[in-house]
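Listed here are the chains, written in short residue letters.
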Amino acid sequence: RGFLGGILGAGVAAGLGTTLSGCASDTAGLQLGKPVPPPGAKTVINTSVGMPEGYMGPRPSIVGKITTKPATLRVLVMQDSTNVGDWNTNKFTKWYENRTGVKVDWVVISSEDSLTKINAMIAANDIPDVLMPNPGLTPSQVRYYGDQGLFIRLNELIDKYGTQTKGAFRDYPEFRKTMQAPNGSLYSLPYINDCFHCHTMGSRTWLYQPWLDKLGLDVPQTTAEFEEVLHAFKTGDPNGDGKKDIVPFAISSFAASAGTNATMSNSIDQLFMNAFLYNPGNPWLALDGGKVDLVVDKPEWRDALRYMHRLTKQGLIDPRSFTMTDTQLQLIGNSKKVVLGCSMGNIWASFQTMDMVSKDATWRHYNALPSLKGPEGVRNDNWNYYEPLDPGRYM
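Residues numbered from 1 in each chain as written. Predicted model: local features only at pLDDT ≥ 70, side-chain atom pairs only at ≥ 80, totals over all residues. Heavy atoms only, no water.

1. Some points on unusual backbone geometry
Thought 1: With omega at 10°, the peptide bond leading from Asn 282 into Pro 283 counts as cis.
Thought 2: Positive phi is not limited to glycine here, since Asn 125 has a value of about 55°.
Thought 3: Structurally, Asn 125 can be placed in the loop between helix H5 (114-123) and strand E5 (130-131).
Thought 4: A residue is classified by how much of its surface remains accessible, and Asn 125, at 67% relative accessible area, is exposed.
Thought 5: Of note, Trp 284 is a non-glycine position whose phi angle comes to about 60°, a positive value.
Thought 6: Relative to the assigned elements, Trp 284 resides in the loop between helix H13 (269-272) and strand E9 (285-288). (Helix = DSSP H or I, 4+ residues; strand = E, 2+ residues; numbered from the N terminus. Buried < 20%, exposed > 50% of the residue type's maximum accessible area, 1.4 Å probe, protein only.)

What follows is the structure in structure tokens.
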């Protein structure tokens, strides 16, 4: 346990090594392949790198050798042929092993059956030293197994060694409350990615600007203007092919292939409902005067449903949006002749393959749609404060 404590200061910030290597001085020891003076197990914050005022998040740091004796950790990870390749020969793996003095024995499993395999390991009492990331256990399961002694309580180790982790909890005290068990115990380290699009991803919507320009339309600001724009797309032949092939608005609803294993991907209500009442999204609960309230049983929600029904009945919302998979939406978005006027998604890749080489690629002409104002003047932005937190990243 004492040895495990030595890696806590580096665990959360492990991904910073290559990211920050270009902005730190050589003497800071953050350059790949540069020797690092061993300051001991604790992380030392690199104060020579200036950070903007009000910055929240991990700081550039220096981590020395955790141990001078041969040491190995068995670490369970997900197979990632796209981004990592072979975990054993990955350049960052080798660099970090050299940096810390810790050899990693990788236990690689596929994400498809990760929960089944980890449950089998638990049953056989053959669980690796570290799970990174959480293979699918719920926060309740993590706390239960932690209370049973399966996962190490990290509170004291974080207090002693977790420089970056303590900094994260200082910046985001609510996140610690979300992670800890009722008795205050912490059994995992968090992954925090506080980015603007992470908070707003539930309602991000993209509109094809060239069609607005061709039809002489402004970017819609209200639900009425949005309806007019979609109607103009449908009837104005904006792609000029003389066919009735325009799809004014479409999204995918399922991330996986259709069937019993399909999982919800996007929620169309994130965009439309916020023009009628505040809609926080799944599970559709909001605070009202300090009390938790359900938003889907309000008259304004019905008004929004009527609006969506009218758009769908006119063919302005593609009815396939309520059943379509990501793959099916991509077929529409990647049409040789542009046929898709508007779609939702975290990034353009949600509905179209992103050609990163061409400076005139189609996706570059889809601009973000502002939040819409409803008939009663309601205009909300969807903002998920807790979206950037993955509480069980490292156990």
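2. Re helix H12 (residues 223-235)
Thought 1: Here H12 contains 13 residues, and its C-alpha end-to-end distance of 18 Å stays within 8% of the 18 Å for a straight helix at 1.5 Å per residue.
Thought 2: Within H12 the residues assigned to the buried category are Thr 223, Phe 226, Glu 227, Val 229, Leu 230, Ala 232 and Phe 233.
Thought 3: Elements in contact with the buried residues of H12: strand E7 (205-208), helix H11 (209-215), strand E8 (247-249), H13, helix H14 (299-313) and strand E11 (340-344).
Thought 4: Where H12 terminates, the next one or two residues include Asp 237, which has phi positive at roughly 50°. (Expected span 1.5 Å × (residues − 1). Contact = heavy atoms within 4.5 Å.)

3. Quick notes on the environment of Met 179
Thought 1: One can find Met 179 in helix H9 (residues 173-179).
Thought 2: For the pair Met 179 and Pro 139, spaced 40 residues apart in sequence, the C-alpha separation works out to 7.5 Å.
Thought 3: If sequence neighbours within four positions are ignored, Met 179 has contacts with Arg 143, Phe 169, Leu 186, Ser 188, Leu 189, Pro 190, Leu 389 and Pro 391.

4. Section: the nonpolar core
Side chains of a nonpolar character, in soluble globular proteins, are inclined to be buried together.
Thought 1: Phe 226, Leu 230, Phe 233, Phe 249, Phe 272 and Leu 340 are the most contacted members of the largest nonpolar core, which has 42 residues in total.
Thought 2: At the level of secondary structure, the elements contributing two or more residues to this core comprise E7, H11, H12, E8, H13, H14, helix H15 (326-333) and E11.
Thought 3: By residue number, the principal contributor to this core is H14, which donates five residues.
Thought 4: Residues in contact with Leu 340, not counting those within four places in the same chain, are Tyr 208, Trp 211, Val 247, Ala 250, Leu 329, Ile 332, Gly 333, Phe 351 and Tyr 366.
Thought 5: Counting residues in hydrophobic clusters, the runner-up holds 22 residues, among them Val 102, Trp 106, Leu 157 and Met 179. (Core = buried A, V, L, I, M, F, W, Y, C linked by side-chain atoms within 4.5 Å.)

5. Structural notes on H5
Thought 1: Listed in full, the buried residues belonging to H5 are Ser 114, Ile 118, Met 121 and Ile 122. Buried residues of H5 fall within an arc of 100° about the axis and therefore sit on the same side. The exposed residues of H5 that point more than 90 degrees off its buried face are Thr 116 and Ala 123.
Thought 2: Of the residues flanking the end of H5, it is Asn 125, one or two places downstream, whose phi is positive at about 55°. (Arc of directions from axis to C-beta.)

6. Thoughts on the side chain of Gln 352
Thought 1: Tracing the chain through its elements places Gln 352 in the loop between E11 and strand E12 (366-368).
Thought 2: Only 2.9 Å separates the side chain of Gln 352 from the backbone nitrogen of Trp 363, close enough to count as a polar contact.
Thought 3: Setting aside anything within four residues of it in sequence, one finds Gln 352 in contact with Gln 330, Gly 333, Asn 334, Thr 362, Trp 363 and Tyr 366. (Polar contact = N/O pair within 3.5 Å; in protein donor to acceptor, adjacent residues only side chain to side chain.)

7. Re the pairing of strand E4 (residues 103-109)
Thought 1: Relative to E4, strand E3 (residues 72-78) runs parallel, the two being bridged by seven bridges. Residue pairing for E4: Thr 72 is matched across the bridge by Lys 103.
Thought 2: Taken together, E3, helix H4 (residues 91-100) and E4 constitute a β-α-β crossover, and its handedness is right-handed. (Pairing = 2+ DSSP bridges. Right-handed = clockwise from strand over helix to strand, strands pointing away.)

8. Some words on a nonpolar patch on the surface
Thought 1: Among the surface-exposed residues, Leu 285, Leu 287, Val 292, Leu 294 and Val 296 lie close enough to one another that they form a single nonpolar patch of about 450 Å² accessible area.
Thought 2: Of all the secondary structure elements, the ones that give two or more residues to the nonpolar patch are E9 and strand E10 (291-294).
Thought 3: Relative to the elements of secondary structure, Leu 294 occurs in strand E10.
Thought 4: Of the residues examined, Leu 294 reaches a relative accessible area of 33% and is grouped as partly exposed. (Patch = residues over 30% accessible without salt bridge, like charges linked within 9 Å, V, L, I, M, F, W, Y side chains within 5 Å. Areas by Shrake-Rupley, 256 points an atom, 1.4 Å probe, with all protein chains shown as cover. Salt bridge = Lys/Arg side-chain N within 4 Å of Asp/Glu carboxyl O.)

9. Structural notes on the sheet that holds E12
Thought 1: Taken together, four strands build an open sheet; the order of strands is E8-E11-E7-E12 and the sheet is mixed. Looking along the sheet, the strands with just one partner apiece sit at the ends: E8 and E12. On average, each strand axis in the sheet is tilted by 30° relative to the strand beside it, whichever way the strands run.
Thought 2: Here three bridges tie E7 to E11, and the two strands are oriented antiparallel to one another. Looking across to E11, one finds that Trp 206 is bridged to Ser 343.
Thought 3: Each of E7, E8 and E11 is contacted by H12, which is oriented at about 170° to E8, the strand it contacts most. (Axes fitted to C-alpha atoms, helices over the stretch in contact; angles between N-to-C directions.)

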